[in-house]
Amino acid sequence: MIINSTESEERDYVQTIVSKLRQALQALENKIDATRLEVIEAKKYVWTNMAGLDPAERAANRVDISLTIDQGERAIDLQRRLQKLMQSPYFGRVDFMADGSAAADAFYIGVHSFSEEDSQRNMIYDWRSPVASMFYDYNVGRAAYEAPAGEVEGEICLKRQYRIKHGVMDYMIESSMNINDDVLQKELSHTSDEKMKNIVATIQKEQNVIIRNEHSHELIIQGVAGSGKTSVALHRIAFLLYRYKGTITSQNILIISPNKVFSDYISNVLPELGEEKIMEIGFDELAARELKGICGFQTFGEQVSGLTASADEALIACIQSKAGLSFVHRLEQFVRHCSETYFVPADLSLSSARIAKEDIASAYQAAGSLPVKQRLDKTASIVAGSARDEDGQKLKPAAANKIKTAIKKMFKTLNMISLYKDFCEYIGKPEWFKLYKPKTLEFSDVFPIIYLKILLEGAHGFESVKHVLVDEMQDYTAVQYAVLSRLFKCKKTILGDGNQSVNPYSSSSITEIKQVFPEADTVELLKSYRSTIEIIHFARQINPNSRMIPIERHGDSPRIQASGDAEGQLALIRTAAAQFLESEHRSLGIVCKTQAQAKQLYQEIKDMHKDVYLLDFSSEKFHDGILIASSHMAKGLEFDQVIVPFCDAANYTTEMDRSLLYIACTRAMHKLTLTYFGEASPLLPDRGRPQV
Ligand SMILES: Nc1ncnc2c1ncn2[C@@H]1O[C@H](COP(=O)(O)OP(=O)(O)OP(=O)(O)O)[C@@H](O)[C@H]1O
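Residues numbered from 1 in each chain as written. Predicted model: local features only at pLDDT ≥ 70, side-chain atom pairs only at ≥ 80, totals over all residues. Heavy atoms only, no water.

**Q** How should the overall build of the chain be read in this particular structure?
**A** When you go through the chain residue by residue, the secondary structure sums to 24 helices and 25 strands. Its C-alpha atoms give the chain principal-axis dimensions of roughly 100 × 85 × 55 Å. For the chain, the proportion of contacts with a sequence separation of at least 24, taken over those separated by at least 6, is 71%. Put simply, the chain shows about 31,100 Å² of open surface, and 51% of that area lies on carbon and sulfur atoms. Taking the 81 positively charged and 91 negatively charged side chains of the chain as two groups, their mean positions are separated by 5 Å. (Helix = DSSP H or I, 4+ residues; strand = E, 2+ residues; numbered from the N terminus. Contact = heavy atoms within 4.5 Å. Areas by Shrake-Rupley, 256 points an atom, 1.4 Å probe, with all protein chains shown as cover. Lys, Arg positive; Asp, Glu negative; His and termini not counted. Charge placed at Lys NZ, Arg CZ, Asp CG, Glu CD.)

Right under this line is the structure:
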């Protein structure tokens, strides 16, 4: 039997569900109050009876109290979910008749599940539940889903989508009306939210496959700009936390993100989906952790800024050589060489014992499978353990320790900087090692040195991580991936876009990443959801390699505006920014090629409004309003409107500039303006022919 067949029945049903949610919420709030009182009373009891309780009773009381607090926290978590459901209980419905059953069941699908306490009847299904997958994968007709007991096949007889706001149905759409496109377009035409939002109501079939992928040890997602890679990866994390509840918690997940502003921008998605925030780290932080006490270093941002300001051919060639997989192999070969040749055993003569160098050499051989540092430890303990004094007795601890120290000194050096210098000599390129400035490594040496350290000392410190998410994969070198593969043995989701590299001299393609992770599965996303058709066509002319396919959504054509001089260009930028301030849009990104340009422009227009912000590498927050940033900092972000200034021939000319210009333009959701004076950049469509 079909329930709620008409729209008016559906509207009433929303009210029924909201009132059930309200009742559940009330009951829960009473429970939370009672739990709070219980904890206060229990603590009072322990304090007032402290003297009379024996240690075992005190311990038992403390355990009880902490169990009650846990219970209370779970109830508060549930309270948050119910409050959210009250606003929008569900967004979809599928009526599914499994083969062999007499009637179809209606499954309402929401951000969280909800069942009535008395009947335990599930009234709303979590979007991650097995049955909910059909909502994303099938239209009306034959369908199937993967239940714990195996695949269930049948027929979807009805499929609907709803928009419910503040507990009231805004609209409802039948599947026969091409629901996905309609609802998706409505969603995409909105102005931006301050932070990235969840997309559960409109996840596309090809995105759903990625989200629910459980089998890949490494999953590489190559997706065009705006294809939802980041959104999908975060929904995948939410799915895995649901699917492996009890085995994986948010504390076991780590995201390697390009910068803090990006982390802030995406920080709402998991909490919106009812999950806690996950740990986050950038490659620079990772480097600081691994190089602590060894040396300072140039950051990736500083390297990119240097390269965008001036392209030093020799430096570029050196950066390119250090970025590839062959460099990884040479590092590995060098470590094998060190392991075999840097250890020079010598006879040891202590006051109480003598040890022949042959015994030390054979202990070193016996520990041959270990990384050098552990190998030396093992050699030392074998030798110290088997050594005997003149009376044939085992050595005293002090003597054993002396042996250990002496054996470690038989290895030429464990100083990473000295080893790396040796390495550059070993490969016949001593000139490749140059400090960026005193006590500061050049960025291209940072991860090779970390890799050396890991090969020599082993990898430690991330054992609790069970899933790693790497965003902006194209910006990391093969050596960085080799480091990741050693630090994290767990499953990984790696995502990015080869066309959005901020440093093409050290970027990695999928093929290169796959050489580090040969078992990885790869998927490609070509549909772009962020920008209008006009913006996508424009961006594709800047980068003809881009294979972006737009979603049917139109807007204004991008405008290229020319002026006679710098003041004229500033006036154009100010006019476009003033128009934005008067529009209904919430965010304007002014995306420059370099950080220096962004800083300069910020000084020139910050008087326009209180909400004008400059993003730099120390920024931590994403803001609505006018945000001025370099392409590097703007990567991964999106804005209702974007202005790309300084599009002249001197500023945008190299292949690296092409990539930066493409990144800048693809940040725009609804409106894009480019400005220049003098000669237009040859990278612009129509060579920058201005439009009035
Ligand atoms: N299925 C979807 N339904 C609604 N919105 C979507 C969907 N997929 C993606 N989007 C929206 O498209 C925009 C781009 O998504 P996202 O930032 O995840 O893409 P991306 O591939 O990581 O982009 P880029 O590489 O350009 O930074 C976001 O606003 C996101 O909410």
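After presenting the structure, the write-up continues.
**Q** Help me understand the sheet that holds strand β24 (residues 639-644), please; the structure alone is not making it clear to me.
**A** Across a sheet, strands are paired by hydrogen bonds formed along the backbone, either parallel or antiparallel in direction. Across the sheet, 6 strands lie side by side as β20-β25-β24-β21-β23-β22; this open sheet has parallel pairing. On the outer flanks of this sheet lie β20 (559-563) and β22 (612-614), each paired with one strand and no other. Neighbour to neighbour, the strand axes of the sheet diverge by 20° on average, direction disregarded. With 5 bridges connecting them, β20 and strand β25 (residues 668-677) associate as parallel partners. Across the sheet, alanine 562 pairs through a bridge with tyrosine 676, a residue of β25. Sheet contacts for helix α21 (residues 566-582): β20, β21 (587-592), β23 (625-630), β24 and β25; angle to β25, the most-contacted strand, approximately 165°. (Pairing = 2+ DSSP bridges. Axes fitted to C-alpha atoms, helices over the stretch in contact; angles between N-to-C directions.)

**Q** Explain the site of the ligand here, please?
**A** Around the ligand, a shell composed of 22 residues is seen, among which Thr202, Gln207, Lys229, Arg530 and Glu638 lie nearest. Threonine 230 places a polar side-chain atom, nitrogen or oxygen, 2.9 Å from an oxygen atom of the ligand. The separation between an oxygen atom of the ligand and a polar side-chain atom of serine 231 is 2.8 Å. Protein chains bury 96% of the 640 Å² of accessible surface belonging to the ligand in isolation. Within the residue set of the shell around the ligand, elements represented by two or more residues are α4 (179-188) and α6 (229-243). Residue composition of the shell around the ligand, grouped by class: 8 nonpolar, 10 polar and 4 charged. (Near = heavy atom within 4 Å. Polar contact = N/O pair within 3.5 Å; in protein donor to acceptor, adjacent residues only side chain to side chain. Nonpolar A, V, L, I, M, F, W, Y, C, P; charged D, E, K, R; others polar.)

**Q** Can you walk me through the packing of helix α1 (residues 7-48) against helix α2 (residues 55-87) in this structure?
**A** Angle between the axes and distance between the axes are the two parameters that describe a pair of packed helices. Interhelical geometry of α1 versus α2 gives an angle of 160° and a closest axis separation of 9 Å. It follows that α1 is roughly antiparallel to α2 by the angle criterion. Helix-helix and strand crossings are classified by hand; for α1 and α2 the assignment is left-handed. When its residues are assigned to classes, the contact of α1 with α2 shows 18 nonpolar, 6 polar and 4 charged. (Parallel < 35°, antiparallel > 145°, perpendicular 65-115°, else oblique. Left-handed = near helix turned anticlockwise from the far one by under 90°.)

**Q** Looking at this structure, I do not really get empty space enclosed by the protein. What am I missing?
**A** Leftover empty space is mapped by rolling, across the atoms, a probe with the size of a water molecule. The tally for this structure, following the rule as stated, stands at 2 cavities of 30 Å³ or more. In this structure, the largest cavity spans a volume of roughly 90 Å³. Gln303, Ile319, Lys322, Ala323, Phe443, Ser444, Phe447, Pro448, Thr477, Val479, Gln480 and Ser506 together form the lining of the largest cavity. Broken down by secondary-structure element, the contributors of at least two residues to the lining of the largest cavity are α11 (313-323), α17 (443-457) and α18 (478-487). Examining the composition of the lining of the largest cavity, we find that 4 residues originate from one element, α17, more than from any other. Size it by volume and the second largest cavity reaches roughly 70 Å³. (1 Å grid on protein atoms, 1.4 Å probe; cavity = no way out; pocket = protein on both sides within 12 Å on 5 of 7 lines; lining within 4 Å. Points joined across faces, edges and corners; volume = space filled by probe spheres on them.)

**Q** Would you mind showing me how to read the packing of aromatic side chains here?
**A** The geometry of an aromatic ring pair comes down to the distance between the two centres and the angle between the two planes. The full count for this structure, using the stated rule, is 27 aromatic pairs. Ring centres 5.4 Å apart and planes at 80° place the aromatic pair phenylalanine 327 and phenylalanine 423 in the edge-to-face group. With phenylalanine 327 in helix α12 (residues 325-341) and phenylalanine 423 in helix α16 (residues 416-426), the pair connects residues that are 96 residues apart, well separated along the chain. The exposure class of phenylalanine 327 is buried, given its relative accessible area of 1%. With a centroid separation of 6.2 Å and 85° between ring planes, the pair formed by tyrosine 481 and phenylalanine 517 is classed as edge-to-face. One end of the pair, tyrosine 481, is in helix α18; the other, phenylalanine 517, is in the loop between α19 (510-516) and β17 (521-525), with 36 residues separating them in the sequence. By relative accessible area, tyrosine 481 is classed as buried at 1%. Aromatic ring contacts, followed pair by pair, group Phe327, Phe334, Tyr342, Phe411, Tyr420, Phe423, Tyr426, Trp432 and Phe433 into a single cluster. Over the aromatic face of phenylalanine 135 sits the side chain of lysine 159, whose NZ or CZ is 5.3 Å from the ring centroid. (Phe/Tyr/Trp six-rings, centres within 6.5 Å; stacked < 30°, edge-to-face > 60°. Buried < 20%, exposed > 50% of the residue type's maximum accessible area, 1.4 Å probe, protein only. Lys NZ or Arg CZ within 6 Å of the ring centre and 35° of its normal.)

**Q** Could you clarify how one ought to interpret the sheet that holds β17 in this entry?
**A** With parallel pairing, the 6 strands of this open sheet are ordered in space as β10-β9-β15-β16-β8-β17. Looking at which strands have only one partner, the edges of the open sheet turn out to be β10 (279-281) and β17. Averaged over neighbouring strand pairs, the angle between their axes works out to 15° when direction is ignored. Two elements, strand β8 (residues 218-223) and β17, share 5 bridges in a ladder whose sense is parallel. By the bridge assignment for β17, isoleucine 220 is matched with threonine 522.

**Q** What exactly am I supposed to notice about the UniProt feature "coiled-coil region" (unreviewed entry) in the chain here?
**A** When the UniProt feature table is mapped onto this chain numbering, "coiled-coil region" (unreviewed entry) sits at residues 18-45. Counting secondary structure, residues 18-45 comes out at 100% helix and 0% strand; the distance between its end C-alpha atoms is 40 Å. (UniProt positions renumbered as here; feature names shortened; annotations may be inferred.)

**Q** Help me understand the environment of serine 267, please; the structure alone is not making it clear to me.
**A** By the element assignment, serine 267 lies in the loop between α7 (260-265) and α8 (269-272). Overall, serine 267 belongs to the buried group, its relative accessible area being 14%. In the structure, serine 267 is positioned 246 residues away from leucine 21 in sequence and 27 Å away in space, judged by C-alpha atoms. When near neighbours in sequence (up to four residues on either side) are disregarded, serine 267 contacts Lys195 and Lys277. Within the structure, serine 267 has its side chain in polar contact with the backbone oxygen of aspartate 264 (distance 2.6 Å).

**Q** When you look at unusual backbone geometry in this model, what are you seeing that I'm missing?
**A** In most cases, non-glycine residues show a negative phi, while peptide bonds are predominantly trans. The phi angle at histidine 166 is positive, at roughly 50°, despite the residue not being glycine. Residue placement: histidine 166 occurs in the loop between β6 (150-165) and β7 (168-174). Taking the relative accessible area as the measure of exposure, histidine 166 reaches 64% and is therefore exposed. Despite not being glycine, glutamate 472 has its phi angle at roughly 60°, a positive value.

**Q** Explain the UniProt feature "binding site: ATP" (unreviewed entry) in the chain to me, please; I cannot follow it from the model alone.
**A** On the UniProt side, "binding site: ATP" (unreviewed entry) is annotated at positions that read Gly223, Val224, Ala225, Gly226, Ser227, Gly228, Lys229 and Thr230 here. Structurally, glycine 223 can be placed in strand β8. For glycine 228, the position within the fold is in the loop between β8 and α6.

**Q** When you look at the packing of helix α9 (residues 283-290) against α18 in this model, what are you seeing that I'm missing?
**A** Where α9 meets α18, the closest approach of the two axes is 13 Å, and the angle between their N-to-C directions is 65°. For the element pair α9 / α18, the angle class is roughly perpendicular. Relative to α18, the crossing made by α9 is left-handed. When α9 is examined against α18, the residues Phe283, Leu286 and Glu290 are found in contact with a partner set consisting of Gln480, Leu484 and Leu487. Classifying every residue of the contact of α9 with α18 by side-chain character gives 4 nonpolar, 1 polar and 1 charged.

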